[in-house]
Amino acid sequence: MLTKRIIPCLDIKNGRTVKGLNFLDLKDAGNPVELAKKYSETGADELVFLDISATEERRKTLANLVKEVARAINIPFTVGGGISSVEDVAILLNNGADKVSINSSAVKRPELINELATKFGSQCVVVAIDAKQIDGKWIVHLVGGKEPTVIELFDWAKEVEQRGAGEILFTSMNNDGTKNGFANEALAILSELVNIPIIASGGAGNSQHFADTFIHGKADAALAASVFHFQEIEIPDLKQFLKKENIQIRL
Amino acid sequence: MKIAIIDYGAGNIQSILFAIERIGFEAFVTNDWNLIKSADKVIFPGVGEASSAMEKLKESGLNILIPTLKQPVLGICLGMQLMCKSSEEGNTKGLNIFDVEIIKFSNEVKVPQMGWNTIYNLKSPLFKGINDNEYMYLVHSFYAPKNSNAIAYTDYETEYATALRKDNFYGVQFHPEKSGIHGEQILKNFLELPINY
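In this text the structure is predicted, and so the values were computed from the model without any measurement. (Residues numbered from 1 in each chain as written. Chains lettered and ligands numbered in written order. Predicted model: local features only at pLDDT ≥ 70, side-chain atom pairs only at ≥ 80, totals over all residues. Heavy atoms only, no water.)

**Some details on the UniProt feature "domain: Glutamine amidotransferase" (unreviewed entry) in chain B**
Then step 1. The positions UniProt marks with the feature "domain: Glutamine amidotransferase" (unreviewed entry) are residues 5-191 of chain B.
Then step 2. Along residues 5-191 of chain B, the helical share is 25% and the strand share 35%, with 12 Å between the first and last C-alpha atoms. (UniProt positions renumbered as here; feature names shortened; annotations may be inferred. Helix = DSSP H or I, 4+ residues; strand = E, 2+ residues; numbered from the N terminus.)

This is the structure in structure tokens:
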């Protein structure tokens, strides 16, 4: 059977891994290639690299990093952050990335999803959606969750699927950073609504949260950053736990 | 050993190059007929949409060359699908090396299938040292139904052929270059096949 995926997310700034809470107090967390290798060797199913640098050099630095990661690791990885054109994506894929994740740029110009799906195939197009529940409605936010839009999560999810996204990475801003678990209610609705895989993100605090999001949230994959970086959860332990909970997992 | 990776503008070539490098071999990327013909091993990658990939293949005439190759050839993912008779995707006529019609998963399951799934009933030196039910990474919306060329199976919606073989031609639906150490072992097995197949 197809297994549920565990995906550590690495935040990248100027070619280095950084860690902090909610993008504040960022500390250098070492060489991304070494960290990626460690994760892949300990059972991560995929990796996501989120580039948060804002320098003019960023494109070149990121392309070099992607190449080094692709050389070193033997599992799939996704690259996101600041991607807004077919050209950006071509550079990343040509350097060995398997998928790219787009977020604000897709909201601002939804045709980008169609363009990428046509040119490179849906399999490499992940649309990341940050949303926050306000007065009972899940509202899509931009710029790492800072800027609200008028778009509702479920409408947008349906649209990105129709435009050719291969996967949705949904981050609940209500849950992100809380360590109280994933937004399973919204995830379950999402998973029924669209027929592409859903990655749950935001809220992981312990192993039970992963089991809950796979069972109650019907997520196909779960992403987390800090619990892995700060070694609060070790991936081999998490996978053993999930297996005991009868969740299909790759061991 | 000369290992050619066919370049026709529709493959995740860098990943395959790196995987081959990690297992101690070296490959080159080409669309040159003579270089492909004289290689000891040929890898035929592919990602994206079938009909446009087939068009690109035709532009360089490689659709004529590939079925005539005599050395071991390994199609990966869309590469494997294009080696079949046809694909439902874009109503595409394939290279007809495998007498198999590629069809789409239904909406009973999430499409694409994306992630790690098991391969079993392994029947080829390609899988030397690989246990039944080992996990491989797959990303695809279309699949090869069970057929007489099948040398491995995977379950998703139904039991389907996840690897094919006919004479010197091999095809795998999964991505050995992205499937951890076991995927690398399969690539290594392919590269170590005797040259006359």
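Continuing now.
**Focus: the pattern of salt bridges**
Then step 1. A complete count under the given rule lists 26 salt bridges over all chains for this structure.
Then step 2. Among the ionic pairs, Arg71(A) bridges to Glu21(B), the shortest N-O distance being 3.0 Å. With Arg71(A) in helix H2 (residues 58-72) and Glu21(B) in helix H1 (residues 13-22), this residue pair bridges two chains.
Then step 3. Between Lys158(A) and Glu161(A) there is a salt bridge, with the nearest N and O atoms lying 3.5 Å from each other. A residue pair is termed a helical-turn pair when its members lie 3 or 4 positions apart in one helix, as Lys158(A) and Glu161(A) do in helix H6 (residues 153-163) at 3 residues.
Then step 4. Connected through shared salt-bridge partners, Arg5(A), Glu46(A), Lys99(A) and Glu167(A) make up one network. (Salt bridge = Lys/Arg side-chain N within 4 Å of Asp/Glu carboxyl O.)

**Side note on H1(B)**
Each turn of an α-helix holds 3.6 residues, which means side chains three or four residues apart point in the same direction.
Residues and elements named next belong to chain B.
Then step 1. Of all 10 residues in H1, 7 are buried; the element is thus mostly enclosed.
Then step 2. Among the residues of H1, Ile13, Gln14, Ser15, Ile16, Phe18, Ala19 and Ile20 are the ones counted as buried.
Then step 3. After H1 finishes, the residue Gly24 shows a positive phi value of roughly 90°. (Buried < 20%, exposed > 50% of the residue type's maximum accessible area, 1.4 Å probe, protein only.)

**Section: the interface of chain A and chain B**
Then step 1. Residue-level contacts link 38 residues of chain A with 29 residues of chain B.
Then step 2. For the pairing of chain A and chain B, the buried interface totals around 2,600 Å² over both sides, and the portion due to carbon and sulfur atoms is 51%.
Then step 3. Where chain A touches chain B, the interface holds 3 salt bridges.
Then step 4. Along the contact surface separating chain A from chain B lie 22 residue pairs in polar contact (both at pLDDT 80 or more).
Then step 5. Take the side of chain A that touches chain B: its biggest share by element is 4 residues, from H2(A).
Then step 6. Class assignment for the residues of the side of chain A that touches chain B results in 17 nonpolar, 10 polar and 11 charged. (Contact = heavy atoms within 4.5 Å. Buried area = accessible area lost by both parts, 1.4 Å probe. Polar contact = N/O pair within 3.5 Å; in protein donor to acceptor, adjacent residues only side chain to side chain. Nonpolar A, V, L, I, M, F, W, Y, C, P; charged D, E, K, R; others polar.)

**Remarks on helix H3 (residues 50-59) of chain B**
All names here are of chain B.
Then step 1. Along H3, the positions that sit buried rather than exposed are Ala50, Ala53, Met54 and Leu57. Viewed end-on, H3 has its buried residues packed into an arc of 100°, placing them on one side of the element.
Then step 2. The secondary structure elements touched by the buried residues of H3 are strand E3 (41-44), helix H4 (62-65), helix H5 (78-82), strand E5 (84-87) and strand E6 (92-93).
Then step 3. Looking at the residues trailing H3, positive phi occurs at Gly61, about 75°. (Arc of directions from axis to C-beta.)

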